[in-house]
Amino acid sequence: MEAKFFDHSVAHVNEVSIYVTNLEYSLAFYQYLFDFSLLEKSQHQAVLSANGATPILTLEQPEFVLSKQQGRTGLYHFAILLPNRSDLASFLQFCLEEQIPFGASDHHVSEAIYLTDPDGNGIEVYRDRPSSRWKWDDDQVMMTTLRLDTAGLLTEPSSNWEGAPKESLIGHVHLHVNNLEQAKAFYVKILGFTEVAHYPGALFLSTGDYHHHIAINVWNGENALPPEKYSAGLKYFSIAFPKAQAIDLIHDQLKKKGWHAIRAKDGEGLYVDDPSGNKIFLSV
């Protein structure tokens, strides 16, 4: 993990909030996998942290929650970035021993394990290769989807998995959208991200030359509908910006375009939907 891709100099995703159908069951699931610290707990919400101070994941069970709707826009997966390869090796061994179903891929820039939570929300757990080993063709980074060498990963010296290390963070989110070009225009021209890679039906966006902080795809179909309110899945994800002035500038651009955005009650953040209805909280 390289801090320069997630520090105060670059815009990056730092928190995800999801709707779940059974808070206690989902909380037990995430604690079982990651042993996150519980920062806050109420009847309908639990706020989790890797470092014991900063929220990383919020689980919320609305009163009138609906099961996750397939074929809609919304969350494809959120990704938890581990500090080291040895951490991923420990997690892989844990999944094997506990017989947890998973998929695994080598993306050249990273090695990743994929899981699904009880509501069908996708989770990626990954480690980055050093950025000095990433291959760029002008402004495009090379990414692949190959079978992960799990046997090789398991030879990495590691200890028993005891939960996500405190340095773990949200590395990226991957979203279903219903129009790739409209979504790209929003994230690039308004929020200031840069396209750094593309797959059939998908784009990868970042700041500071990371391989991606946000990915968008139309794999649920062009013109897919947003999920109904309170459906299990994404409530919002949070993007941290280096300066408050950046959020003010974004707000001004949104107002000029007639785009609906809501200031947070403390005035320090901004809630906005992307063109496909994915909710975002912009903060410093």
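Residues numbered from 1 in each chain as written. Predicted model: local features only at pLDDT ≥ 70, side-chain atom pairs only at ≥ 80, totals over all residues. Heavy atoms only, no water.

The name an unreviewed UniProt entry assigns to the protein chain is VOC domain-containing protein, from the organism Virgibacillus dokdonensis.

### Some details on the overall build of the protein chain
Secondary structure summary: the protein chain contains five helices and 19 strands in total. Across its three principal directions, the C-alpha atoms of the protein chain cover 55 × 50 × 35 Å. Carbon and sulfur atoms provide 49% of the accessible area of the protein chain, an area that totals close to 13200 Å². Averaging the coordinates of the 22 positive side-chain charges in the protein chain and doing the same for the 35 negative ones gives two points 6 Å apart. (Helix = DSSP H or I, 4+ residues; strand = E, 2+ residues; numbered from the N terminus. Areas by Shrake-Rupley, 256 points an atom, 1.4 Å probe, with all protein chains shown as cover. Lys, Arg positive; Asp, Glu negative; His and termini not counted. Charge placed at Lys NZ, Arg CZ, Asp CG, Glu CD.)

### Overview of helix H1 (residues 23–34)
Across its 12 residues, H1 extends 16 Å between first and last C-alpha, which sits within 8% of the 16 Å expected from 1.5 Å per residue. For H1, the capping residue at the N-terminal end is Asn 22, with a side-chain oxygen 3.3 Å from the backbone nitrogen of Glu 24. Note on H1: the residue one or two positions beyond its end, Asp 35, has a positive phi of about 50°. (Expected span 1.5 Å × (residues − 1). Polar contact = N/O pair within 3.5 Å; in protein donor to acceptor, adjacent residues only side chain to side chain.)

### Quick look at the UniProt feature "domain: VOC" (unreviewed entry) in the protein chain
Here, UniProt's "domain: VOC" (unreviewed entry) annotation points to residues 9–128 and 169–284. Secondary structure over residues 169–284 splits into 21% helix and 37% strand, and the C-alpha atoms at its two ends are 16 Å apart. (UniProt positions renumbered as here; feature names shortened; annotations may be inferred.)

### Regarding the sheet that holds strand S2 (residues 37–41)
Ordered by their spatial adjacency, eight strands build an open sheet running S2-S3-S4-S1-S16-S19-S18-S17, and the pairing between neighbours is mixed. Of all the strands in the sheet, just S2 and strand S17 (261–263) have a single pairing partner and so form its edges. Geometrically, the sheet is characterised by an average inter-axis angle of 20° between neighbouring strands, direction not taken into account. As paired elements, strand S16 (residues 233–240) and strand S19 (residues 279–283) share four bridges and run parallel to each other. Counterpart to Ser 238 in the pairing with S19 is Phe 281. Sheet strands in contact with H1 are strand S1 (12–19), S2, strand S3 (45–49) and strand S4 (55–60), and its direction is about 10° off that of S3. (Pairing = 2+ DSSP bridges. Axes fitted to C-alpha atoms, helices over the stretch in contact; angles between N-to-C directions. Contact = heavy atoms within 4.5 Å.)

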